[in-house]
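Results of the structural survey
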Amino acid sequence: MSKRSVTEIQSTPGGSSEPRKTPRGESKQRDQPAEDGMGEFEDAWEDELESDEEVVDAEAGKGEDGMEVDDEVMPPIEETEEQPTAPDVFIPGVHHLDKDEILEPDDSVYLMRHNMSVNWPCLSFDILRDNLGDERQRFPATAYIVAGTQADVAKNNELSVYKMSQLQRTQKESDSDDEGDDDDDALDEDPLLEHRSVPHLGGVNRIRAQPLPPASSLPPVSQPYYVASWAETGKVHIWDVRPLIEALDVPGYTVDKARTHTPAFTINSHGRAEGFAMDWASSGGANPSGLRLLTGDVHSKIYLTTTTPSGFNALSQPFTSHTSSVEDLQWSPAEPTVFASCSADQSVQIWDVRAKGRQSVAGVDRAHESDVNVISWNRSTTYLLLSGGDEGGIKVWDLRNVKKRGTTAPDPTPVAAFNWHRAPITSIEWHPSEDSIFAASGADDQVTLWDLAVEQDEEETGGMDATPEGGRDVPPQLLFVHQGQKDVKEVHWHPQIPGTVISTALDGFNVFKTISV
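Computed from a prediction, not measured in an experiment: that's the story for all the values here.

This next bit is on the overall build of the protein. Within the protein, the regular secondary structure consists of five helices and 32 strands. The buried share of the protein, taken over its 517 residues, is 48%. Relative to all contacts within the protein whose residues are 6 or more apart in sequence, the contacts with residues 24 or more apart total 61%. In the form shown here, the protein has an accessible surface area of approximately 25,100 Å², with 48% of it arising from carbon and sulfur atoms.

Next comes the structure, spelled out in structure tokens:
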């Protein structure tokens, strides 16, 4: 991000500015160049272009040998003419915006950057698998997501499946001029946003799609693709969104409302207590098609729901070791009976569904100084767990050091801790294939990308080592800071488009890919 004064942007012909924030409930998108990820580019030499009359006057002022005879008619251009001032890089917590300054994105550090506005803000979303292949690198890109709204009244809420297509790469001023006309035309195409929605009573606190095996294709339309939504009414609904995806891909396809507009199953175990924590897992082993769904509520209870040949089965006995609201849940990627949870009681707990008494088997009792909001279990290095706290801290835990329940051993020390964010961590997620990289979002309007494998190079610290007065050091593991959204709630890596990040905030969604990951 760079910063410029408001007066500079307003007075610059053709200049682009930071996309304005969309207020809650505003659905109409503004006509702005940033919609397709490309702003208008300034012509640094615009004031040097001559009109036809100026050229004629200049020719008249030359002698027979073509030399200029009067410098007042056409002053010579000096090679030392002042160049446009380069924008300043803005680092949150180190630099501060003046009253007349706003942030504008530096598209030279993005391979792709798009934003979209929706009818109502979405606290939560998840990325849906598609049939377009894995490890996709080519542009334009296409992505499918499912999201739930936070509308003004309960009856106006929806569960929506979005198809974002024609996501072009970010066009830069340094792009080669010898690219074909077809490529130039493609870059000028606007992104396309399509959606199919179903009514959802009550705001959606969290939404998660069932896991599908890596490299597997989307289920045929005759088979279900389940999504679970945590409603503010205290109910967890399970929906079949496969027909909605088909309707986005196949023109003329008619959705069977009896299949899509009514939940396939509703979990009533939590009574009227709402919640946010939820995570799916496939059963694996002898029942690879089986599913397990964990849900946690604000009254500290965690319930397990499983699938059977005849449908879903909500188990009645809760897991009860927490003493405050359960904020997040994660199944172990290596052990099908083990899961982790975090809570407003400041702890991270490890559970085994086979344990008697429905109590945790290990944990960190004081993982953070305040509420532990989010966790993420590393899919590659399965003993690493991330946690994000209400105080803005991010910690990495080695689960091999976590104390077992009933012992008097002290809490383990995290293997890494970062205090970059200045507001509660709202989301955190490991990269799906790079075991040292993760993304985080905070209530300080930042989405940050990190790499634990990066170490400080004392010989190449550059300008990052010069911290201004009142500022702070920039951790070498901090790869990238994405800004421009208001009140960021959730962030996810796209598992089929390496390095692509999608985030949701009060003012809509961002889809971006940086040069850093």
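Right, let's get into the packing of aromatic side chains. Enumeration over the complete set of coordinates arrives at 13 aromatic pairs. An angle of 80° between the planes, with centres 5.3 Å apart, marks the rings of Tyr-110 and Phe-480 as edge-to-face. With Tyr-110 in strand S4 (residues 110-116) and Phe-480 in strand S29 (residues 478-482), this residue pair connects regions lying 370 residues apart in the sequence. Summarising the burial analysis for this pair, Tyr-110 and Phe-480 share the class buried. Taking the centre distance of 5.6 Å and the plane angle of 65° together, the rings of Trp-331 and Phe-339 count as edge-to-face. Judged on exposure class, the residue Trp-331 and its partner Phe-339 are both buried.

The subject of this paragraph is the sheet that holds strand S23 (residues 394-398). Paired through backbone hydrogen bonds, the strands of a sheet run either parallel or antiparallel to each other. On the basis of which strands lie adjacent, the open sheet formed by four strands has the order S21-S22-S23-S25 and antiparallel pairing. The outermost strands of the open sheet, each flanked by one partner alone, are strand S21 (372-377) and strand S25 (416-418). Averaged over all pairs of adjacent strands, the angle between their axes in this sheet comes to 20°, without regard to strand direction. Direction of pairing for S23 relative to S25: antiparallel, over a ladder of three bridges. Looking at the pairing, Ile-394 lines up with Phe-418 of S25.

Inspection of every chain in the model, using the stated rule, returns 16 salt bridges. The closest approach of N and O atoms between Asp-107 and Arg-113, which form a salt bridge, is 2.9 Å. Per residue, the accessibility class of Asp-107 equals that of Arg-113, and both read buried. For Arg-242, the salt bridge is made with Glu-246, and the minimal N-O distance between the two is 3.0 Å. Of the two residues, Arg-242 and Glu-246 both sit in helix H4 (residues 242-249), four residues apart, roughly one turn of that helix. Grouping residues by exposure puts Arg-242 and Glu-246 together as buried. A single network of salt bridges, built from pairs that share partners, joins Arg-206, Arg-208, Asp-328 and Glu-490.

Spatially, five strands are ordered S17-S18-S19-S20-S24 in an open sheet, and the strand pairing comes out antiparallel. Looking at which strands have only one partner, the edges of the open sheet turn out to be strand S17 (326-331) and strand S24 (403-404). Here strand S19 (residues 348-352) pairs with strand S20 (residues 362-364) via three bridges, running antiparallel. The residue of S20 that forms the bridge with Val-348 is Val-364.

A few words on H4. The element H4 is largely enclosed, with a buried count of seven among its eight residues. Along H4, the positions that sit buried rather than exposed are Arg-242, Pro-243, Leu-244, Ile-245, Glu-246, Ala-247 and Leu-248. Buried residues in H4 make contact with strand S5 (124-128), strand S6 (141-148), strand S7 (158-167), strand S8 (192-199), strand S11 (236-240) and helix H5 (257-260).

This part covers the nonpolar core. Membership of the largest hydrophobic core comes to 19 residues, with the highest contact counts inside it found for Leu-386, Ile-394, Trp-420, Ile-428, Phe-438 and Trp-450. Elements with a minimum of two residues in this core: strand S22 (384-389), S23, S25, strand S26 (425-430), strand S27 (437-442) and S29. It is S26 that provides the largest number of residues to this core, a total of three residues. The contact partners of Ile-428, leaving out residues within four places of it in the chain, are Val-374, Ile-375, Ser-376, Leu-386, Ser-387, Ile-394, Phe-438, Ala-439 and Ala-440.

Let us look at the environment of Gly-271. Looking at where Gly-271 falls in the secondary structure, it is placed in the loop between strand S12 (265-267) and strand S13 (275-284). Given the relative accessible area of 38%, Gly-271 is considered partly exposed. C-alpha of Gly-271 to C-alpha of Lys-235: the two residues are 36 residues apart in sequence and 7.4 Å apart in space. Discounting chain neighbours no more than four positions away, the residues touching Gly-271 are Thr-233 and Gly-234.

Within the fold, Arg-292 resides in strand S14 (residues 287-297). For the pair Arg-292 and Thr-307, spaced 15 residues apart in the sequence, the C-alpha separation amounts to 6.7 Å. For Arg-292, the residues in contact, after removing those within four places along its chain, are Asp-279, Trp-280, Ala-281, Ser-282, Ser-283, Leu-304, Thr-305, Thr-306, Trp-331, Pro-336 and Thr-337.

This part takes up the side chain of Ser-325. With respect to the secondary-structure elements, Ser-325 resides in the loop between strand S16 (311-314) and S17. Note on Ser-325: relative accessible area 10%, which makes it buried. Each residue touching Ser-325, except ones within four places of it in the same chain, is listed here: Asp-297, Val-298, Ser-300, Cys-342, Ser-343 and Ala-344.

Turning to the pairing of strand S18 (residues 338-343), a few remarks are in order. Taken across its six residues, S18 has six buried, putting it largely inside the fold. Of the two faces of S18, the one holding Val-338, Ala-340 and Cys-342 and the one holding Phe-339, Ser-341 and Ser-343 are both buried throughout. By the bridge criterion, five bridges tie S17 to S18 in an arrangement that is antiparallel. From the neighbouring strand, Trp-331 faces S18, where its bridge partner is Phe-339. Relative to S19, S18 runs antiparallel, the two sharing five bridges. Its bridge partner being in S19, Ser-341 is matched across the sheet by Gln-349. Joining the antiparallel neighbours S18 and S19 is a turn of four residues, in which Gln-346 adopts a positive phi near 75°.

Cut-off values and rules
Residues numbered from 1 in each chain as written. Predicted model: local features only at pLDDT ≥ 70, side-chain atom pairs only at ≥ 80, totals over all residues. Heavy atoms only, no water. Helix = DSSP H or I, 4+ residues; strand = E, 2+ residues; numbered from the N terminus. Buried < 20%, exposed > 50% of the residue type's maximum accessible area, 1.4 Å probe, protein only. Contact = heavy atoms within 4.5 Å. Areas by Shrake-Rupley, 256 points an atom, 1.4 Å probe, with all protein chains shown as cover. Phe/Tyr/Trp six-rings, centres within 6.5 Å; stacked < 30°, edge-to-face > 60°. Pairing = 2+ DSSP bridges. Axes fitted to C-alpha atoms, helices over the stretch in contact; angles between N-to-C directions. Salt bridge = Lys/Arg side-chain N within 4 Å of Asp/Glu carboxyl O. Core = buried A, V, L, I, M, F, W, Y, C linked by side-chain atoms within 4.5 Å.

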